[in-house]
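Structural features, examined
The primary structure of each chain is shown beneath.
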Amino acid sequence: MTRRDADLIALGVFGAIFLVGLPLANGLGLVSDYYLNLFGKYLALAILALGMDLVWGYAGILSLCQAIFFGIGAYSIGMFMMLEGAGRGIYGERVPDFMVWNQINQLPLFWKPYEHFVFALASSLLLPAALALGIGLVTFRRRLRGTYFAILTQAIAFAAWLILNRNEMKLGGTNGLTDFKSLLGFSLSDPRTLRVLYLATATLLVLAFLGSRWLVRSKTGLILKAVRDNERRLEFLGYHGASYKMFVFAVSAALAGLAGLLYAPQVGIITPSQVGVLPSLEAVIWVAFGGRGTLWGAVLGAISVNWLRSVLTATYPSLWPIILGGLFAGVILLFPEGLVGLARRLWALASCRRALAPTAVSGAPVEERTG
Amino acid sequence: MDTLLYVENLVVSFDGFLALQHLNLIVEPGERVRLLVGPNGAGKTTLFDVLTGHVVPSAGRVLFRNSVSLVGPGPDTIAGLGVMRKFQTPSVFPGHTVWENMVLSVGEKRFASAFAARDRASHRDAVASALEQVGLLPLAGAPAGRLSHGQKQWLELAMLLVQAPTLLLLDEPVAGMTRPEKEKTAELIEAIVEHTASHVMLIEHDMEFVRRIARRGHRVTVLHEGSVLAEGPLEQVQADPRVIEAYLGRGTLRRAPVSA
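What comes next is a walk through the structure. Quick caveat, the model's predicted, so the values are computed rather than measured.

Cut-off values and rules
- Residues numbered from 1 in each chain as written.
- Chains lettered and ligands numbered in written order.
- Predicted model: local features only at pLDDT ≥ 70, side-chain atom pairs only at ≥ 80, totals over all residues.
- Pairing = 2+ DSSP bridges.
- Helix = DSSP H or I, 4+ residues; strand = E, 2+ residues; numbered from the N terminus.
- Axes fitted to C-alpha atoms, helices over the stretch in contact; angles between N-to-C directions.
- Contact = placed C-beta atoms within 7 Å.
- Core = buried A, V, L, I, M, F, W, Y, C linked by C-beta atoms within 7 Å.
- Buried ≥ 20, exposed ≤ 12 C-beta atoms within 10 Å, placed from the backbone.
- Parallel < 35°, antiparallel > 145°, perpendicular 65-115°, else oblique.
- Left-handed = near helix turned anticlockwise from the far one by under 90°.
- Nonpolar A, V, L, I, M, F, W, Y, C, P; charged D, E, K, R; others polar.

This part is about the sheet that holds strand β9 (residues 219-224) of chain B. Hydrogen bonds between backbone atoms are what pair the strands of a sheet, whose relative direction is either parallel or antiparallel. Residues and elements named next belong to chain B. Strand order in this open sheet of 6 strands is β6-β7-β8-β3-β9-β10, and the pairing throughout is mixed. Only two strands of the sheet have a single partner each, and these edge strands are β6 (83-86) and β10 (227-233). The sheet shows a mean angle of 20° between the axes of neighbouring strands, direction not considered. One ladder, built from 4 bridges, connects strand β3 (residues 33-37) with β9; its direction is parallel. If you follow Leu35 over to β9, its bridge partner there is Val220. Each of β3, β6, β7 (167-171), β8 (199-203) and β9 touches helix α1 (residues 44-51); the most contacted strand, β7, lies at about 145° to it.

So this is what it looks like as structure tokens:
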């Protein structure tokens, strides 16, 4: 079995479980609406992880501001839903309720376009990509890279969190946006709406996966990995490395925006706490845990770590940060290639037992391939 | 006069240390091989750094094919002009297979165009024949990181050859190689000269190798302390008393060091 076959079989199994199995079980009453909704959230976060993996796992660019892009997606659709619900709140005003508390009676100008669904969609996908291009323009073109880039993006994430927390931003301050009533006329308290949102999320995750898979297997994918492994050689071959880095950063940002777009209506709230430094770092941990530089690693890492989080925060809420940190340290020390790397190693061991055929290049030192 | 490479009054300063001091060098269009020799710190690699846009000189002119300035454009643009460089330590993509290393080397490099195709038939043939030439075709599917040192050097050479460079800059291509490997590399370079249109500029410390390459009367340029000390056929250069002094008399007859 080649890796290509294994990949497609895995995708089939994944689709069978999350696109067919889970909704079917829900329809039959075996899985509660609550759980379906919870998995809808995980699958949305898996899209964020895919983007993180493209930019970090494949191109080697450690971006610590992915949560901003996620937040732009979530806030964009959140504003649309707030405006759709305006007038139906407890005050019956034409502006969202939180504005009434803050004595804002006139809808701020920048909120106006979010009355339109298409604008909110475009804003959640294109605004993150544009912001990433902007950041890339001032960093990659000036050869800012490695740790410096990571620190800079972390500072940007921190700044975004600080700004969003302020009431003057007219985005709900620390409370964020919540109490969404409906999306395009469909009530969000209706389980059927949430089922449709779940299916949309699962479908878009599969599409995002296929798109990412196509990208990393294309020549551009080869170039991105070359940026990660030896950017100098790449430039002296005639490539403008910065263009490719900006491109993959923008793609990852758009995927993060898409994740936010799908997350907000399913979870029902978006606050600055999901836009700062910590959530950005968490995305790094999901990818590292699942297996950096493998698309499956990103998806499985996001789903498993978030599932673990839900289970553990229900029983030991205060222990979660310690467990998360422990997971990260454990992965780095024990199996740096993550879950997928571990699975591959076990698979290789198993097939080695079956057929003892040497695969090493003759005359060359045999070493484990990393990355 | 027609020139392939025209270097005039080149000055490169690293925090006050003059790596190149008013260096002048001309490579004529008919010249297929130019050897650069000189003691450590003579500025040979720095010259390559300037020619490939890696280092910006503080003064001087570098013209490629009479009119194209190589001062200003970045490494990617200069590579696009056909000036290709092999690094001193082999520089390949270790995580990619040998074949993928080659695929990265052929075809369009600009962002929009590289997006399109991955496997064009013409590229496949070019890659296969370049790998054949350096003897790495049987290892096409192996990760480049697993190759031996010499094999990596040849892979890097094949990566440049497949692009049919106008000017091929080789920085110590036989460093760290075994004797048979050196012999094979010498044959490769001779084949490049014979069968392609590429001009080769070569830095080398290994005098045996230099003699081997220069035996066909190629010119040798001796660099010393950032400028050209002597130039001409190998025998003439080797007999030059200034060259002998530079190589043998270092430390005793050395000029006063440049103040930092």
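Glancing now at the nonpolar core. Ala49(A) and Ala158(B) are the most contacted members of the largest nonpolar core, which has 183 residues in total. Looking at this core element by element, the count peaks at 18 residues for helix α9 (residues 241-267) of chain A. Filtering out sequence-adjacent residues up to four positions away, Ala49(A) remains in contact with Ala283(A), Trp286(A), Val287(A), Ala298(A), Val299(A), Gly301(A) and Ala302(A).

Moving on: helix α3 (residues 98-105) of chain B. Owing to its 3.6 residues per turn, the α-helix aligns residues three or four sequence positions apart on the same side. α3(B) sits mainly inside the fold: 7 of its 8 residues count as buried. Along α3(B), the residues that are buried comprise Val98(B), Glu100(B), Asn101(B), Met102(B), Val103(B), Leu104(B) and Ser105(B). Of the surrounding secondary structure, the elements contacted by the buried residues of α3(B) are α8 (219-236) of chain A together with α5 (121-134) and α6 (149-161) of chain B. At the exit of α3(B) stands Gly107(B), carrying a positive phi of roughly 80°.

Further remarks concern the packing of helix α3 (residues 66-85) of chain A against helix α5 (residues 117-139) of chain A. All names here are of chain A. The geometry of α3 relative to α5 is characterised by a closest axis approach of 8 Å and an angle of 165° between their N-to-C directions. Considering their axes alone, α3 and α5 lie roughly antiparallel with respect to each other. Remark: the crossing between α3 and α5 carries right-handed chirality. Residue-level contacts link Phe69, Ile72, Gly73, Ser76, Ile77, Met79 and Phe80 of α3 to Phe117, Ala120, Ser123, Ser124, Leu127, Pro128, Leu131 and Ala132 of α5. Here the contact of α3 with α5 is built from residues that sort into 11 nonpolar, 4 polar and no charged.

Another point: the environment of Glu183(B). Residue and element names in this part refer to chain B. Along the chain, the position of Glu183 falls in helix α7 (residues 179-195). For Glu183, a count of 14 C-beta atoms within 10 Å gives the class partly exposed. Once the C-alpha coordinates of Glu183 and Phe209 are considered, the two residues, 26 residues apart in sequence, prove to be 8.4 Å apart.

Distances and angles like these do not, on their own, reveal function.
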